[in-house]
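Listed here are the chains, written in short residue letters.
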Amino acid sequence: MEITSRKIEELAPNADAAKNGRDLVAKNKFSNLKIDADKTLIWGECAGSGKNPYYVSADFVELSNPVFRCNCPSRQFPCKHGIGLLYAYEKALPFAVDSIPQDISDKRNKIEKKQEKKTQEKETLKEKAETPKKINKAAIIKKIEAQLSGIETAKKILINITQNGLSTIDSKEKKNLQVQIKELGNYYIPGIQTAFNDLLLELDEVKKEEYTLVIDQVNFISALLKKATDYLNARKEDPEQAPEINSAIEEQIGTIWKLTDLIPLKLYEEDAAVLQLSFKSYNNEARKEFVDEGAWLNLKTGKIYKTKNYRPYKAVKYIKEDNSISEVLQLKELYIYPGEPNPRIRWEAEARTDRALTPSDITSIHTYAAANYAELIKTVKNIIKNPLMDKNPLVLLQLHKASLYGNNMVIEDSNGNKITLADPPDESLSTTIILRQLLPPNPAGMSLLALITNNIQTGLITAQPLTIVTTTKLIKLLY
């Protein structure tokens, strides 16, 4: 059981919980600290505001998925007492060796039985994936009809917006639109509802009659409504038809995928190895939530994925923040959501083990990086032509040369093809400026993870640098 400051920060639900946990140790709030002989469990008491201390434990019987228990009333998980207990261990406070309490032993047995049942269910699902699935046609058709009805309402909203003119939408009209958009929540199309909320936010950002981004969002919604209508009508005609997995249309409409939904569609890999190449957190006002987003490389296939952890404003205190990770994750099962070019992925904590990055991993990264920028840009252009595809795909590039062209940094491949590096207009941190301090003029042998941006006004395709991969390590510019 290795407990470091960094590991504790990863386990803490947020920075405040980590700070509060450290403060408990600094104020000597812990007593009667114990550890089992196998060093898989620590427990003790923590003084609170009442006369009786809280009983808190941290169970590391599964190293990658520790279980915290505390009898305090906090809804935060793990609570500050659990985090404080880890800091007490990390600070080398004395822990007396003792036998595992019976109540924790009983809880361990219950968890073990649940895991066995879960594993059996997964195996059963995999077996069923090979046989025809029984479908409740009536339920599917009923839901689709509701969705199509909601889409017709959405089309009317969009027509009113475009026919009346974007410049005529004042504060009163925005309030009316907000009411109409809220009603879309009754039709099982939350993705479409979010797209309209994004449109209202773009309208709020309009300055000097510049409506380019607003028009782009209108075009996206228009394409989404058309695609969704055709897609749902086809599914209504044939309810047994499998969901589309080569695009994100289901999620764009509003489907929330469960892992048990992905297994029959064979959207998973066994014994996968993934490495986080980049990480950032941002505020999504349209969805009213914070988003922690990671960029990941599949070390076996070279595919670049994303992870997204959503933390709604109302529950942000109780949902654990994701964090930057430097280790390679070995996963028993990796689940892949439908969509391109960088599908979302997910795994279960108990199926994860961590290992250090090796020279072989670095070699694999460079092998997967694109050597020909011209071919890559051609592929990217085909992606962004589709209004429903991600306009900012993640790409991995081999580096040959780097130079300044005016005020811009330009990278070049071995064939002389060039890509301009630039930050997106709404990016507060300039990673291109950071890169200038780190990247040598002759970066041959290095690779770069970048986020592609297509400037609608100029038509110029640029790349925002996110991570440099040298011959020995990763340097994350965002983390």
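What this report covers is the structure whose coordinates are included nearby.

## Remarks on the packing of aromatic side chains
This structure, assessed with the given rule, holds four aromatic pairs. A centroid spacing of 5.5 Å and a plane angle of 70° characterise the contact between Tyr89 and Phe95, whose relative ring orientation is edge-to-face. A centroid spacing of 5.3 Å and a plane angle of 55° characterise the contact between Phe290 and Tyr313, whose relative ring orientation is tilted. You can see Phe290 sitting in strand S7 (residues 289-298) and its partner Tyr313 sitting in the loop between strand S8 (304-312) and strand S9 (328-336), a full 23 residues away along the chain.

## A short note on helix H2 (residues 15-26)
The end-to-end C-alpha distance of H2 is 17 Å, a good match for the 16 Å that twelve residues give at a rise of 1.5 Å each. Of all the residues in H2, the buried ones are Ala17, Ala18, Gly21, Leu24 and Val25. Along the axis of H2, the buried residues cluster in a sector spanning 120°; they form a single face. Turned more than 90 degrees from where H2 packs its buried face, Ala15, Asp16 and Ala26 sit exposed. The inward-facing, buried residues of H2 abut strand S1 (30-35), strand S2 (41-46) and helix H3 (80-90). Its side-chain oxygen 3.2 Å from the backbone nitrogen of Asp16, Asn14 forms the N-cap of H2. A positive phi of about 55° marks Asn28, the residue just after H2.

## Quick notes on helix H6 (residues 171-183)
Given 3.6 residues to a turn, an α-helix orients residues that are three or four positions apart in the same direction. For H6, with 13 residues, the first-to-last C-alpha span of 19 Å sits near the 18 Å given by 1.5 Å per residue. Within the span of H6, buried status applies to Lys174, Leu177 and Ile181. Taken down its axis, H6 places every buried residue within 60° of arc, on the same side. In H6, the exposed positions angled more than 90 degrees off the buried face are occupied by Lys172, Lys175, Val179 and Lys182. Residues of H6 that are buried in the fold lie against helix H5 (137-164) and helix H7 (190-204).

The rules we used
Residues numbered from 1 in each chain as written. Predicted model: local features only at pLDDT ≥ 70, side-chain atom pairs only at ≥ 80, totals over all residues. Heavy atoms only, no water. Phe/Tyr/Trp six-rings, centres within 6.5 Å; stacked < 30°, edge-to-face > 60°. Helix = DSSP H or I, 4+ residues; strand = E, 2+ residues; numbered from the N terminus. Expected span 1.5 Å × (residues − 1). Buried < 20%, exposed > 50% of the residue type's maximum accessible area, 1.4 Å probe, protein only. Arc of directions from axis to C-beta. Contact = heavy atoms within 4.5 Å. Polar contact = N/O pair within 3.5 Å; in protein donor to acceptor, adjacent residues only side chain to side chain.

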